[in-house]
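A look at the structure
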Amino acid sequence: MHVNLVTPWYPGRHSVYSGIFVQKSVEAVRSRGVIVDVEVPTIYPAPGGPIPENIHESMAFLGREDPEAVYDDQNGARWIPAPVPARSGQMGRARAFATAIELKRRILPPRGELTHAHLGVPTAWAAVRLGDSPLVITEHQSTLQEILRHPESRSAYREALEASSAFICVSSFLRDLLIEAFGSLARDKIDVIPNIVDLSDLPFLRKKTTKLSAWIYVGGLMPHKGIDALLASFAEYRTSYDPNATLTVVGDGPLRPTIERFSSQAGIAGSVTIAGPRSHDELTGFFEGADVLVHLSPFETFGIATLEAIGSGLPVVSLRNGGAESTWGDLERACGLLLDNDTPPEAIAESVAALRDDISRLDPQAGRAMVEERFAAENVASQIIDVYRRVIE
């Protein structure tokens, strides 16, 4: 079996953490004997307005002269530069992807029996425009609601869904969201297959602390990740419940200056550490020094960081953001605490304090067993390959 996989997220030389979960699924499928060629359309910011035709002509010329220089091969994937006009939105990105992938394929054509595209828009829509068939789509982007709110991108999403031979959602929450948006068109196509949660380099930590003084957050520093709520809740917790509390932020993104500014203005700069982006095998060191992972994103399609923490034996406090309920909501009493999305910072801080006082109810070993059972690489790979076989046959 030979698959052509297209994804805008994949770890590479300049984005070592982007799309690691995609890479994990590719590696798991490859380990079962499936050949997977990976194309990674990559955004190259350009000025607003149409991309001049001579830019595409130059890229095509350079690609013919030296394909390896233009379409770099990293980590078993082929990077495709895609000039995207500023302020062109999701559809500008989708059209740019289609153009860039087409140019690459004139020189390095795909060889797969099917295409597996990650994200309905922009990626799968671009694949549809290029005539890729049969087409399998996996959806997991946390900006999906924004895409569905805009008429043009919503219409493009429907076009991709209609053209697909199979559609994978990484959580039942995401499946229900798409069924609500597209009715039977989505209901009749969707398989729920989770992301892989790799615990191979995350040992189980037998935490003995009865305090929740050391908070940790792992993820992107972006507005939709609930960073403002995290900072306000932590500041309230220090003021009202634990003046010695600390917060370690593992990740990077455009809100890093916001965290630094808030911490300084609130007088807690000495208690907030921004560790920056770290590799997966470095997480254990951070989890060892933490008492609780707090993740206050209001919308998540899955939530790998929370599951990695649970698998490591760390309690988790999260909002009911969709992905959390779908993946570990049935084991909330064993793993941590789920709060309503409209919970204010004062109530979040109070809830963390209440969890601290009721810490004995947690069962970290049950959390580890749950993650190992539900999200193991071999189980996920088998399900994905079953979808491929069904589509090809």
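Above: the structure in question.
Notes on the structure follow. This is a predicted model, so every value here is computed, not measured. (Residues numbered from 1 in each chain as written. Predicted model: local features only at pLDDT ≥ 70, side-chain atom pairs only at ≥ 80, totals over all residues. Heavy atoms only, no water.)

For the rest of this paragraph, the subject is the overall build of the chain. Helix and strand counts for the chain come out as 18 helices and 14 strands. For 393 residues, the compact-globule estimate of 2.2 N^0.38 gives 21 Å, and the C-alpha radius of gyration of the chain, at 22 Å, lies within 12% of that figure. Overall, the C-alpha framework of the chain stretches about 60 × 45 × 35 Å when taken along its three principal axes. Counting every position in the chain, which comprises 393 residues, the buried fraction comes to 55%. In the chain, once contacts between residues fewer than 6 apart in sequence are set aside, the share between residues at least 24 apart is 71%. (Helix = DSSP H or I, 4+ residues; strand = E, 2+ residues; numbered from the N terminus. Rg over C-alpha atoms; globule rule 2.2 N^0.38 Å. Buried < 20%, exposed > 50% of the residue type's maximum accessible area, 1.4 Å probe, protein only. Contact = heavy atoms within 4.5 Å.)

Attention now goes to the environment of His 116. Inspection of the secondary structure puts His 116 in strand S5 (residues 114-118). Accessibility expressed as a relative area gives 2% for His 116, which makes it buried. For the pair His 116 and Pro 134, spaced 18 residues apart in sequence, the C-alpha to C-alpha distance is 8.7 Å. Leaving out residues up to four positions away in the same chain, His 116 has contacts with Val 3, Asn 4, Leu 5, Val 6, Val 136, Ile 137, Thr 138, Ile 168, Ile 384 and Tyr 388. Within the structure, His 116 has its side chain in polar contact with the side chain of Tyr 388 (distance 2.6 Å). (Polar contact = N/O pair within 3.5 Å; in protein donor to acceptor, adjacent residues only side chain to side chain.)

Turning next to the nonpolar core. In this structure, Tyr 157, Leu 178, Ile 216, Phe 287 and Trp 328 are the most contacted members of the largest nonpolar core, which totals 58 residues. A per-element tally of this core places helix H8 (residues 172-182) first, with six residues. Counting residues in hydrophobic clusters, the runner-up holds 32 residues, among them Ala 235, Ile 259, Leu 296 and Ile 348. (Core = buried A, V, L, I, M, F, W, Y, C linked by side-chain atoms within 4.5 Å.)

Attention now moves to the pattern of salt bridges. Across all of its chains, the model carries 23 salt bridges by this definition. Between Glu 39 and Lys 104 there is a salt bridge, with its nearest N and O atoms 2.7 Å apart. Taken together, the residues Glu 39 in strand S2 (residues 35-46) and Lys 104 in helix H4 (residues 89-107) connect sequence positions 65 residues apart. A salt bridge links Asp 357 to Arg 356; the shortest N-O distance between them is 3.3 Å. Salt bridges sharing common partners tie together Glu 39, Lys 104, Arg 105 and Asp 132. (Salt bridge = Lys/Arg side-chain N within 4 Å of Asp/Glu carboxyl O.)

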